[in-house]
Amino acid sequence: MDYNKLAELLFPKVECSPDEIEAKFPQRDLPQGAFVTRFAPSPTGSIHFGNLFAVFTSERLAHQSGGVFYLRIEDTDQKREVEGAVEVLIDLLANYGINFDEGALIEGDNGSYGPYRQRSRKDIYHVFAKRLVAEGKAYPCFCSEEELNSIRERQEEEKANFGYYGKWAKHRDMPLAEVERAISEGKAYTVRFRSEGSADKKLRFTDLVKGDLEVTENDADYVLLKSDGIPTYHFAHVVDDHLMKTTHVVRGDEWLSTLPFHIQLFAALGWKLPKYLHISPLMIMDGDSKRKLSKRKDPEASLTFFREKGYPVAAMREYILSTLNSNFEEWRSANQDAPAEDFRFSPKKMSVSGALFDRDKLNDISKNVISRLTADEVYKLAGEWAYEFDRGFYGLMSEDPDYMKAILNIGRGGKKPRKDITVWSDLKEYAGFFFEPLFAPDYTYPEGLDRGGIAQIIREYGLMFTGEYEDQNGWFDEVKALSERLGFCPDTKRYKQEPERWKGHVGDVSMVIRVAVCGRQQSPDLYEVTRIMGEKMVKNRLKAAAEQLPYGTDSGV
Ligand code: GLU
């Protein structure tokens, strides 16, 4: 068979040679050991939280090695394409702090290894497909859908493996004259790879996550170019990863089954195989059993879920890194203030079997991350969140930035910062009582105090409070003095020795003040709260609380 003739017949318009294409994609000028990685989604709108793990792995490997991380859009399956998916994706990833050095951008392409959208690279794939045909490594297949179905039916009857291989590969050795005739009749055809592999042979392969693997060789003549001339994923990604100089392919482990074919393709084209990292899907607990995180069943799978809840990007990044690399947490406790990017990410520390999504761990990390931020940073990030998701609260918090920052500063700094906030959406509940429009008091006072006693505490505290104290101790000394005056023990230990001598203790008095001022039994440090609110607001609150006291046995107000 004259394969050159066959190649000319199939690709009469392809004049460019593989060498000319190669010349357009020179070696990258990068430092020794730099990784070139990519994220290569199909624009089907199906990206979910689990995909971020592969994205982060690629991003870290490239950026920590001084390499390049690029975005390639694998849009060869037009039927599954969702309009606008690329734009949404780029935006979502940017929100997670994922930025690409080159590749597809919303405005077009950025970089000299493009185009970065596969449908725009059709001519390039044809050059290499032509070469494979000319070398006898690929051939046209004229099988219609019906013919392929009938092959499948017969395979079912014979209990043979499905696929286009061996004796089932009908057009593998079609004589040139027949090919010519079929083409002149205008019959549609695909271009298939001519596999020399055998299902009886094994292939050894080292995956950087899964380790040493033994896989069965591929014997199927898979399609390289579909009948419309658009390549399949298998062919397109091999050509692209070669030309774009990808050193490490990070992708989901659903591709392991076709990896033997990809290995064959690289070899057939005479190209160096990149290193592969196949990542298991993210798992989630469903009752007592584990299953894959699912976009259909789990709200957490959606990339917007965490953003709407208000998890800071830094917390999400930190969570993903700690899930990906088993030694991250140890590193974090030794390097509390370092940015997560300083952590040296290693594929060797990745879990082979797939990570389990752990919301409690994410919450814990998020609390810690937020507790380490300054009040200014919290103000900025929470403000950005509120602007998008809770405009009403945004209005309140930005009315008087200094007031809000003072609230956010309570318990911040120091060795043991407060950890009240897990996500930005907690903030309204946490700090709402500082704002009159959100103040919805629950005047539940400590048990065992009668109305008269409560009213007296509120009234006396109102008379005493000036809003001007040297420090917390100065304020608390006065609360203690007030307690004693009203028959409450100023010292809880002493109270425990002779409880019958007192109406209660200083803790009860503080709780009454807290409930009256904050409208709840839990609040950040009461001294700080009252200091920030100032004399007028505190006194108004006390007055309102007194007015709400239920009538009881005593009329001491
Ligand atoms: N387009 C493929 C997908 O979305 C990418 C696989 C790869 O990264 O090579 O699954």
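Residues numbered from 1 in each chain as written. Predicted model: local features only at pLDDT ≥ 70, side-chain atom pairs only at ≥ 80, totals over all residues. Heavy atoms only, no water.

For the chain, the count of helices and strands is 22 helices and 15 strands. Against the globule reference of 24 Å for 557 residues, the chain gives a C-alpha radius of gyration of 34 Å, more extended than a compact globule. With respect to the principal axes defined by its C-alpha atoms, the chain has extents near 110 × 50 × 40 Å. Residues classed as buried in the chain amount to 50% of the 557 residues present. Counting contacts in the chain only where the partners sit at least 6 residues apart, residues at least 24 apart contribute 73% of the total. Carbon and sulfur atoms provide 47% of the accessible area of the chain, an area that totals close to 27,500 Å². Within the chain, one finds 77 positive and 90 negative side-chain charges whose respective centroids are separated by 2 Å. (Helix = DSSP H or I, 4+ residues; strand = E, 2+ residues; numbered from the N terminus. Rg over C-alpha atoms; globule rule 2.2 N^0.38 Å. Buried < 20%, exposed > 50% of the residue type's maximum accessible area, 1.4 Å probe, protein only. Contact = heavy atoms within 4.5 Å. Areas by Shrake-Rupley, 256 points an atom, 1.4 Å probe, with all protein chains shown as cover. Lys, Arg positive; Asp, Glu negative; His and termini not counted. Charge placed at Lys NZ, Arg CZ, Asp CG, Glu CD.)

Here we take up the nonpolar core. Grouped together as the largest cluster of nonpolar side chains are 101 residues, with contacts concentrated most on Phe39, Phe49, Leu52, Phe128, Phe235 and Phe306. Phe39 has contacts with Ile47, Val55, Phe69, Tyr70, Leu71, Arg72, Leu89, Leu93 and Phe100, leaving out every residue within four places of it along the chain. Counting 58 residues, the second largest nonpolar core, distinct from the first, contains Phe465, Phe488, Leu526 and Met537. (Core = buried A, V, L, I, M, F, W, Y, C linked by side-chain atoms within 4.5 Å.)

A separate point is the pairing of strand β12 (residues 283-286). In terms of strand pairing, β12 meets strand β13 (residues 289-292) through four bridges, oriented antiparallel. Within the sheet, the bridge partner assigned to Asp286 lies in β13 and is Ser289. Between β12 and the antiparallel strand that follows it, β13, lie two residues; Gly287 among them carries a positive phi value of about 65°. (Pairing = 2+ DSSP bridges.)

All right, on to the sheet that holds strand β5 (residues 138-141) then. Pairing is antiparallel across the open sheet formed by three strands, whose spatial order is β5-β6-β9. The open sheet is flanked by β5 and β9 (223-225), the only strands paired with a single partner. When the angles between neighbouring strand axes are averaged without regard to direction, this sheet yields 45°. Summarising the sheet, β5 and strand β6 (residues 190-193) pair through four bridges and their orientation is antiparallel. Each bridged residue has a counterpart across the sheet, and for Ala138 the counterpart in β6 is Phe193. Its contacts with the sheet put helix α5 (residues 122-134) on β5, β6 and β9, and the angle it makes with β9 is roughly 130°. (Axes fitted to C-alpha atoms, helices over the stretch in contact; angles between N-to-C directions.)

Glancing now at the side chain of Thr530. Tracing the backbone shows Thr530 in helix α22 (residues 526-547). Using a relative accessible area of 1% as the deciding quantity, one classes Thr530 as buried. Other than its neighbours up to four places away in sequence, Thr530 contacts Tyr461, Phe465, Trp475, Val517 and Val538.

On the surface, a cluster of negative charge is made up of Glu470, Asp471, Asp477 and Glu478. Among the structural elements, Glu478 can be located in helix α19 (residues 472-485). (Patch = residues over 30% accessible without salt bridge, like charges linked within 9 Å, V, L, I, M, F, W, Y side chains within 5 Å. Salt bridge = Lys/Arg side-chain N within 4 Å of Asp/Glu carboxyl O.)

What follows concerns the packing of helix α16 (residues 401-408) against α22. In helix packing, the relevant descriptors are the interaxial angle and the interaxial distance, both defined with respect to the helix axes. One way to put it is that α16 packs onto α22 with a least axis distance of 9 Å and a crossing angle of 120°. One finds that α16 runs oblique with respect to α22. Facing Tyr403, Ala406 and Ile407 of α16, the residues of α22 in contact are Ile532, Met533 and Met537. Partitioned by chemical class, the residues of the contact of α16 with α22 number six nonpolar, no polar and no charged. (Parallel < 35°, antiparallel > 145°, perpendicular 65-115°, else oblique. Nonpolar A, V, L, I, M, F, W, Y, C, P; charged D, E, K, R; others polar.)

This brings us to the site of the ligand. Near the ligand you find Arg38, Ala40, Pro41, Ser42, Glu74, Tyr233, Arg251 and Trp255, and these make up its full shell. Measuring from a nitrogen atom of the ligand, one finds a side-chain N or O atom of Glu74 at 2.6 Å. For the ligand, whose accessible area on its own is 300 Å², the fraction buried by protein is 81%. (Near = heavy atom within 4 Å. Polar contact = N/O pair within 3.5 Å; in protein donor to acceptor, adjacent residues only side chain to side chain.)

Across all of its chains, the model carries 37 salt bridges by this definition. Put simply, Lys137 and Glu135 hold a salt bridge, and the shortest N to O gap is 3.1 Å. Under the relative-accessibility criterion, Lys137 is labelled partly exposed at 28%. A salt bridge links Asp420 to Arg418, with the shortest nitrogen-to-oxygen separation between them at 2.7 Å. Taken together, the salt bridges that share partners define one network made up of Arg38, Arg72, Glu74, Arg121, Asp240 and Asp241.

Attention now goes to α22. Here α22 is 22 residues long, yet its end C-alpha atoms lie only 21 Å apart, well below the 32 Å a rise of 1.5 Å per residue gives. The largest bend in α22 amounts to roughly 110° and is located at Gly534. What α22 keeps buried is the set Leu526, Tyr527, Val529, Thr530, Ile532, Met533, Gly534, Met537, Val538, Arg541, Leu542 and Ala545. Lining the buried residues of α22 we find α16, α18 (451-464), α19 and α21 (506-518). For α22, the side-chain oxygen to backbone nitrogen distance between the N-cap and Tyr527 is 3.2 Å, and the N-cap itself is Asp525. (Expected span 1.5 Å × (residues − 1). Bend = angle between axes of the 7 residues up to and from the residue.)

With that settled, consider the packing of aromatic side chains. Tallied over the entire structure, the rule returns 31 aromatic pairs. When the ring of Phe49 is compared with that of Phe53, the centres are 5.5 Å apart and the planes differ by 85°; the resulting orientation is edge-to-face. Of the residues examined, Phe49 reaches a relative accessible area of 0% and is grouped as buried. Following the ring pairs from residue to residue traces out a cluster consisting of Phe49, Phe53, Phe305, Phe306, Tyr311, Tyr319 and Phe357. The ring of Phe162 carries the charged tip of Arg152 above its face, separated from the ring centre by 3.9 Å. The ring centre of Phe439 lies 3.4 Å from the NZ or CZ of Arg541, which sits over that ring. (Phe/Tyr/Trp six-rings, centres within 6.5 Å; stacked < 30°, edge-to-face > 60°. Lys NZ or Arg CZ within 6 Å of the ring centre and 35° of its normal.)

Before going further, it helps to examine unusual backbone geometry. The peptide bond linking Gly114 to Pro115 adopts the cis configuration, its omega dihedral lying at -5°. Within the element layout of this structure, Pro115 appears in the loop between β4 (108-110) and α5. Of note in this structure, Lys245 is not a glycine but carries a positive phi near 65°. Positionally, Lys245 belongs in the loop between α8 (233-243) and β10 (248-252). Taking relative accessible area as the criterion, Lys245 reaches 10% and is therefore assigned buried.

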